[in-house]
Amino acid sequence: MDLETRTYQNHVKTFLELQKESWRTVLTLAYQSLGVVYGDLSTSPLYVYKSTFAEDIVHTETNEEIYGVLSFVFWTLTLVPLLKYVFIVLKADDNGEGGTFALYSLLCRHAKLNPLPSFQLADEELSTYNKDINTHAPTTFGAKVKSTLERYRVLQRFLLVLALIGASMVIGDGILTPAISVFSAVSGVELSLGKEHHKYVEVPVACIILVALFSLQHYGTHRVGFLFAPVVVTWLLCISAIGIYNIIHWNPYVYRALSPYYMYKFLKKTQTRGWMSLGGILLCITGSEAMFADLGHFSQLSIKIAFTSIVYPSLILAYMGQAAYLSRHHVMESDNQIGFYVSVPEKLRWPVLVIAVLAAVVGSQAIITGTFSIIKQCSALGCFPRVKILHTSSTIHGQIYIPEINWTLMLLCLAVTIGFRDTRRMGNAAGLAIITVMLVTTCLMSLVIVLCWHQSVSLAICFVIFFGTIEALYFSASLIKFLEGAWVPIAMAFIFMILMCIWHYGSLKKYEFDVQNKVSVDWLLSLGPSLGIVRVRGIGVIHTELVSGIPAIFSHFVTNLPAFHQVLVFVCVKFVPTPHVRHEERFLVGYIGPREYRVYRCIVRYGYRDAHKDDSQFEDDLVCNIAEFIQMGNTGLNSNAADLKNFEDITVVGTASTHVPGVQLREDEEVKSDSVGTTELREIHPLQITKAKKRVKFVISETTKIDRGAHEELRELMEAREAGIAYILGHYYVQAKQGSSLFRKIVINYGYEFLRRNSRPLTYALTVPRASTLEVGMVYHI
């Protein structure tokens, strides 16, 4: 019994230690999320009251206006960030990822909307693709919705446009939020420098901070990210402490204003003016979408803990404290002084100003990084021109930098700051962008509830009616301020929408042209094993967007050059509607034609959040996967010409790092005869490379049995790898075909062609070394 008792105690101790470690990890993530997720939301007290009382309503001695605004702020924070996002939307993750495109990706997989033209049935076998996907019963409403979406192309395009509207507004938010956050933080100098001088200081100081913020983006947030959480925590403790002080000192009974009855009194007294002022109240939930968009960096539990335990109570105390102060101060020197800093004790204003500026910079940094992320997702799904994407951290997921977008955001942000020069119009613009993204999320979530969660349609309708009504009310209040700043996000979204739609349409038509003009396999067979020309040493990697068939650039190349490489690899780098693809599922390898042709097809699949590898590692993985495919012994493909149509079979092959007993690349510092053991690994052929005192070897495990043909094929592949790799890419010019309408000619000949010429070349997207690149020019008539 003692032994059993001791064993049981050891099990309990081990379980408690694991549970303690798990909670430690969750709490650490919750702490870190404060700096990344809640920087924008936590700085909203800087400008909410100031924007609300800027023009439409007046703070009177009855306090009905300030109590009504406080009630609206409290219930808006409770219903939207807390109820909608924390308890509902966070559960709609796409394999741990969140955001507008995560919802769209979920719908694409469940309803098979297939937004990418290169979609294959093999993609549905990905482990991250079919997660928790169950089929609907044929008679359910969800099955009818699914079949309707799959049947009508118009509905699929509508969903895509809806997702692009959300993405465009996120980009607009990335321009407006840094402007209003930094400008509102700097506006605290008004109370210290006086009314005559502050206007000459606020705008220049805000612009200097914004230029410094965008100029430091290329260093990556991981270098200063350890400061984010302490800054936000300090700011939250600061505003909550000031709020408690104001409540106790000025109005301990301000908590009564949390009753929804004061919202009724507010609207009854102010009527139309009160409804128009809701655009300023809306700013209290700015940054709420970040809880869902940044879900991939943290976990649901950590984000929930951080919001419910720290962020939510701190914000409520801050707003209550401001309301308590204003309820006892009705005579202001200027309308601008109803802002945040007027409720801060005079001795603390300068320290609070410094902390507020730092918090505003942190909040702006989070939305800028989120803008980079959404543009990367749009580009991966073929809805945005190719841009230069730099991964600033090799260890922290999602840390990227896009130079073109960064400087564009900076110029537009400076233009907004200099052009508006006040938080009222900035608030009108930012509010419309924020509420539009939330409306898009609400619409997509209603479909997720039915199609992905398999819940009743009544639940989805209740979700849309409840949250949609709240958000539609705020949306109408923001839209009515169109001429007072709200036109800015609409104009920006319109420009980005036009850009993305033109690029998506042109890319889709170009792919359709490739499919219609691809070369038949019969033409390849007629050339014979040598392909009718001299086969030179080396590997020729031909990039194509086709997942089957032979691209037209191959025949165009063969007819103009008398020689080709001894090993040909048709590589298709494509994205799938899932955030990540596991390394062991990334490569699909197969033959094109009989084995003796030495022609292979390799499809490389990435998720919309995956990072591309550099050129040397990509080459190693590519060759290793082909070697792995060869040594697997696909003897069924060595048939006669009559069975040629079956040669397009594709096999999933993992990367070199995931197959230890398989074919590997090994790089040694110096050449030694006994560098590879004969008991476990057997050297096939040494590959000399240009680096001094280094060699690369292909090795396979001793236990692996391969036939003579496969052994010869491996040897030839290794010889070709030793000779070098050349990349053959298509350099295309796009024109509208004859008989096209005037609108189509404008879109293709001017819009898409302009974007294509000014986007990053395909060599960059593939991380291809330019010294090894050949381009084949072609004209596409689409």
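Quick caveat: nothing in here was measured; it's all calculated off a predicted structure.

Q: Looking at this structure, I do not really get the overall build of the chain. What am I missing?
A: Summing up its helical and strand segments, the chain has 26 helices and 12 strands in all. Residue burial in the chain is summarised as follows: out of 782 residues, 55% are buried. Here the analysis covers contacts within the chain between residues at least 6 apart in sequence; of these, 81% occur between residues at least 24 apart. About 33,500 Å² of surface is accessible on the chain, with carbon and sulfur atoms providing 60% of the total.

Q: Would you explain the pairing of strand β5 (residues 587-591) in this entry?
A: Regular strands place side chains that alternate from one sheet face to the opposite one. Most of β5 sits inside the fold, with five of its five residues counted as buried. What you see with β5 is no split at all: F587, V589 and Y591 on one side and L588 and G590 on the other are buried throughout. Bridge count between β5 and strand β6 (residues 599-607): five bridges; the pairing is antiparallel. By the bridge assignment for β6, G590 is matched with R601.

Q: Honestly, the packing of aromatic side chains in this entry has me stumped. Any pointers?
A: Overall, the coordinates contain 22 aromatic pairs when judged by the stated rule. Ring centres of Y261 and Y262 lie 6.0 Å apart, and the angle between their planes is 75°; this geometry places the pair in the edge-to-face category. Among the aromatic residues, ring-to-ring pairing joins Y67, Y261, Y262 and Y264 into one connected group. Over the ring of Y732 we find K510; its NZ or CZ atom is 4.2 Å from the centre of that ring. Lying across the ring of Y732, R756 places its NZ or CZ 5.4 Å from the centre.

Q: Looking at this structure, how should I read the packing of helix α4 (residues 64-86) against helix α15 (residues 300-326)?
A: Here α4 crosses α15 at 175°, and the two axes come no closer than 10 Å. In this view, α4 runs roughly antiparallel relative to α15, as classed from their interaxial angle. In contact with I66, L70, V73, F74, L77, T78, P81, L82 and V86 of α4, α15 contributes K304, F307, T308, Y312, L315, I316, Y319, M320, A323 and L326. Tallied by class, the residues present in the contact of α4 with α15 amount to 16 nonpolar, two polar and one charged.

Q: What am I meant to see in the pattern of salt bridges here?
A: Two side chains of opposite charge can pair, provided their charged atoms sit close to one another. According to the stated counting rule, one finds 17 salt bridges in the structure shown. Here R424 and E484 are joined by a salt bridge, their closest N and O atoms 3.3 Å apart. One end of the pair, R424, is in helix α18 (residues 423-451); the other, E484, is in the loop between α19 (457-479) and α20 (487-516), and 60 residues separate them in sequence. With a relative accessible area of 23%, R424 lands in the partly exposed category. Look at E484 and you get partly exposed, because its relative accessible area is 25%. E545 serves as the salt-bridge partner of K510, at 3.6 Å between the closest nitrogen and oxygen. Residue K510 is found in helix α20, and its partner E545 is found in the loop between β3 (534-543) and α22 (552-558); the two are separated by 35 residues along the sequence. Given a relative accessible area of 27%, E545 falls into the partly exposed group. One salt-bridge network, in which partners are shared between bridges, spans E64, E65, K265 and K269.

Here is what the cut-offs are and how they apply
Residues numbered from 1 in each chain as written. Predicted model: local features only at pLDDT ≥ 70, side-chain atom pairs only at ≥ 80, totals over all residues. Heavy atoms only, no water. Helix = DSSP H or I, 4+ residues; strand = E, 2+ residues; numbered from the N terminus. Buried < 20%, exposed > 50% of the residue type's maximum accessible area, 1.4 Å probe, protein only. Contact = heavy atoms within 4.5 Å. Areas by Shrake-Rupley, 256 points an atom, 1.4 Å probe, with all protein chains shown as cover. Pairing = 2+ DSSP bridges. Phe/Tyr/Trp six-rings, centres within 6.5 Å; stacked < 30°, edge-to-face > 60°. Lys NZ or Arg CZ within 6 Å of the ring centre and 35° of its normal. Axes fitted to C-alpha atoms, helices over the stretch in contact; angles between N-to-C directions. Parallel < 35°, antiparallel > 145°, perpendicular 65-115°, else oblique. Nonpolar A, V, L, I, M, F, W, Y, C, P; charged D, E, K, R; others polar. Salt bridge = Lys/Arg side-chain N within 4 Å of Asp/Glu carboxyl O.

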